[in-house]
Each structure stands twice: as C-alpha cells, then as structure tokens.
Amino acid sequence: MNNWPEWLPLRENLRSLSPYGAPQIGDVLQLNTNENPFPLPAEVQEKIVTRVQEVAASLNRYPDRDAVRLRAKLAQYINYRAGTKFSVENIWAANGSNEILQTLFLAFGGAQRKSLGFTPSYSVHPLIANVTGTTWIAGFREDDFAINSKTAAEQILDEKPSLVFITTPNNPSGTSTPISDIEKLAVAAGEVGALLIVDEAYAEFSAEESAATLIVKFPHVVSTRTMSKAFAFAGVRVGYLVAHPLVIDAAQVTRLPYHLSALTQAAAEVAIDHAELLQGGIDLLLGEREKLVSGLSALGWRALDSSANFLLFSGFSATSASTWQEFLNRGVLIRDVGLEGYLRVTVGTPAENQRFLTVAQEIAQ
Ligand SMILES: *Cc1c(COP(=O)(O)O)cnc(C)c1O
C-alpha cells in the first residue's frame, strides 16, 4: 500500500512495503508453504497435551527467559545431526527462525550497515533488512541458480556488508550450496568483518554437511534452523540459531524479555524428544519428490535439482501468474515466487502429489 494518510507517522522506508505472506485459502490442497504434510503422530500429540497441562499450573509465572532446557535439547539434536559438540551457550531459540533472523538484523545490521544475500532467495531476508533500516544488496547467482563462489566472494569483498546470507538448500530454487563453497565465502566474510548467516531451514532434507560444522573454525559463521519444516511443527513457531557463544550473547541484547512462551518451550521439548518419529516421513517425501520430477518431465516441463521438500519448475506455456491461477481453479494452491516462467510446489502426501500431477496434465494439454 502506498497511499497511507498524512496523519499516520509510518516510517518512510516502510511506506512502500507489504507484509510477508502467502495466500491462506481453505478447502484446497496446500502445496504452497513447504510444510511437512504429515500431522504429528497421535502419540506425540498426546504427550504434548499432557506436558502442556502440567505447565498450565504455573502459567501465572513468566517462562524461563533463557529457555535453557529447550536449548540444551536443541544442542543435543544438532550434535546428533551434524556431528558437532555444541552446548546450551551455542544455541538461541525463538518464535520461528524468522524471529532469529530479525534478532540478528537488530544486533548486527541497522542504519549505515549493509546486508548481502544471493537472490533469488528467501524474500524475508531483504524484508527484515528494510524493516531494520539495513541496506540490502542483491548478490548474484548463475542462470541455474547456483552460487559462483568466486564472484560471490568478490562481491562480499567489494561491498563490505556486515551480514551475508546464504540459504541452502535455497528457497525458492531448492538447489544447495556445497560446504566447500560456503567455506570460501566464510573466508571472504571474515576478511570484511561480516557474519555469514547460513539459513538451513531445509537442512534435514539434504545430504550436504551443515554449515554448523564450520563454526569451530570460523566463529563468524552462524546457522539458522527451524522446526517448521522437517519437524512438522510449523504451527508452534520454533526456530533456532547455532553459533559461537559470543554471537549468541550479542544477539540476546536485542531479544524481547520472555519472548518464548512456556507453552511453546514445553511443546518443543516434547517434539525434540521425538525427533526421529516426527521426521519419519522424510524418506517418503524424498521419494515423492522424485515422482513429481518425473511426472513433470513426462509433460515436457522441468524441475530444478532439489535438495529440499519442494520443487521449482518451468516449461508451462502461459505466464506464471495465469498458470498459478489455473492450478488454484482446480483446487491446488502452489506458489508464484515472482520469477517469471517458474512456479514452486511443495511435496505433499502421495495422494496430494498425484492430484497435483493430474491437474498439471490438464493444464499442459
Ligand atoms: C520456511 C523458511 C524459514 C522458516 O521460518 P520459520 O519462521 O522458522 O517458520 C526460514 N528460512 C527459509 C529459507 C524458509 O524457507
């Protein structure tokens, strides 16, 4: 919205922005926000309810401001995943990794500071840059959406940002950046005194090593992660930061007091205790992803190589916007990510994917 009234003292740099958001439409297949399509197993649902009931007895009190028990569990989890040796001091948790990103911008960005990310990528990064008054620089990717580590490193050295973002697997392309390239960018970021923020929201779907393994060597590398995708926990809002303890300490200055509710902490602790159960559907989703890839190619369409639970595809004859609408008219909600010629689809349940392919076939005819 651009025509805000005179009496509303909205900050200049926010006047042309819109709030982030994909359409939330009922009664259609939701293949547009990269959620895990499988509900929590009944056993985990019950344990969460029991735990929440216990916590309800002390809801008159503020929650643990430092979420120590949750962070200890997250440290254990990341150590198990990445083979690292982190403890509570290396972890920060918040209401989704989006809040983590905001915390980092508030602490390390701001006026007179630059942030750099390789686009197309997660659109929330430039949005929070704007909101916090940090200059945003769109870095280069190749035509196949890969990051060229040489030109990317040069861009970091030229621009001297204080924050550099890599999303891997990348959203919306699904492609991943090898750890060897991330390491090269970590060297460049170190030379200009920048934090290298690796957004690993989809790490559990990928076979690449986590950038968290680089932190022992490069204290300015941080990994942001979430329970919204692989953990099937998007409704609870839990994201976390893996970093050197001094990064965590500095970022905490900008957090709101008691930001993470006692209910959230309790539910998340139960979920992490059942990580394997909650992520039990990942292999099935990866198999389904490959079925979608071949289904699309049978139509003469193409999907990019994805290491995540979604696909970016092209090859349809009409525009992205009208093809998106064609899908929606047939009850399938996918994502128009603003890249002409491409659309993004989240891998759903086998039945949902079958429906998606049937609809795609109708549209392709
Ligand atoms: C979905 C997503 C997130 C997750 O955000 P939450 O706030 O944790 O739900 C973060 N980064 C990327 C790239 C994403 O696609």
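What comes next is a walk through the structure.

Structural notes on the layout of surface pockets
Consideration 1: By volume, the largest pocket amounts to about 760 Å³.
Consideration 2: What lines the largest pocket is a set of 32 residues, and nearest its centre among them are Tyr20, Thr33, Asn98, Tyr122 and Arg237.
Consideration 3: Elements supplying a minimum of two residues to the lining of the largest pocket: helix H3 (96-108) and helix H4 (124-131).
Consideration 4: The biggest single contributor to the lining of the largest pocket is H3, with five residues.

Remarks on the pairing of strand E8 (residues 239-242)
Consideration 1: What you see with E8 is no split at all: Gly239 and Leu241 on one side and Tyr240 and Val242 on the other are buried throughout.
Consideration 2: For strand E2 (residues 91-94) and E8, the ladder comprises four bridges, and the chain directions are antiparallel. If you follow alanine 93 over to E8, its bridge partner there is tyrosine 240.
Consideration 3: Pairing geometry for strand E7 (residues 221-226) and E8, over four bridges, is antiparallel. Looking at E8, one finds that threonine 224 is bridged to leucine 241.

Overview of the packing of aromatic side chains
Consideration 1: What the rule picks out here adds up to 13 aromatic pairs.
Consideration 2: Measuring from centroid to centroid gives 4.0 Å for tyrosine 62 and tyrosine 258, while their planes differ by 10°, and the two rings are stacked. One end of the pair, tyrosine 62, is in the loop between helix H1 (42-56) and helix H2 (68-82); the other, tyrosine 258, is in the loop between helix H7 (245-252) and helix H8 (262-273), with 196 residues separating them in the sequence.
Consideration 3: Tyrosine 258 sits in the partly exposed class, given a relative accessible area of 29%.
Consideration 4: Ring geometry for phenylalanine 327 versus phenylalanine 356: centroids 5.2 Å apart, planes at 10°, classification stacked. Taken together, the residues span a long stretch of sequence, with phenylalanine 327 in helix H11 (residues 320-329) and phenylalanine 356 in helix H12 (residues 350-364) at a distance of 29 residues. In terms of burial, phenylalanine 327 and phenylalanine 356 fall into one category: buried.
Consideration 5: An aromatic cluster is present here, built from Trp301, Phe313, Phe316, Phe327 and Phe356 joined pairwise through their rings.
Consideration 6: Its end group placed over the ring of phenylalanine 310, arginine 344 keeps NZ or CZ at 5.5 Å from the ring centre.

Quick notes on the rules
- Residue numbers restart at each chain and count upward from 1, following the sequence in its written direction.
- Only residues with pLDDT of at least 70 get local features here, since the model is predicted, and only at 80 or more are side-chain atom pairs given and counted; chain-wide, interface and lining totals rely on the full set of residues.
- Side-chain descriptors were evaluated using all non-hydrogen atoms of the structure, hydrogens and water having been removed beforehand.
- In this analysis a 1.4 Å probe is tested at points of a 1 Å grid over the protein atoms alone, and where it fits but cannot get out there is a cavity; an open set with protein on both sides within 12 Å along at least five of seven lines is a pocket; lining residues have an atom within 4 Å of a point.
- Grid points are joined across faces, edges and corners, and a volume is the space filled by probe spheres set on the points.
- Helix and strand definitions follow DSSP, with helices as H or I runs of at least four residues and strands as E runs of at least two, each counted in order from the N terminus.
- Whether a residue is buried, partly exposed or exposed follows from its accessible area with a 1.4 Å probe, protein chains only, as a fraction of its type maximum: under 20%, in between, or over 50%, in that order.
- When DSSP finds two or more bridges between two strands, those strands count as paired.
- Centre distance within 6.5 Å is the pairing criterion for rings of Phe, Tyr and Trp, where only the six-membered ring of Trp is used; planes under 30 degrees apart are then read as stacked, over 60 as edge-to-face, and the remainder as tilted.
- Any Lys NZ or Arg CZ that is within 6 Å of a ring centre and within 35 degrees of that ring's normal is treated as a charge sitting over the ring.

Read these as layout, nothing more, since geometry by itself doesn't imply function.
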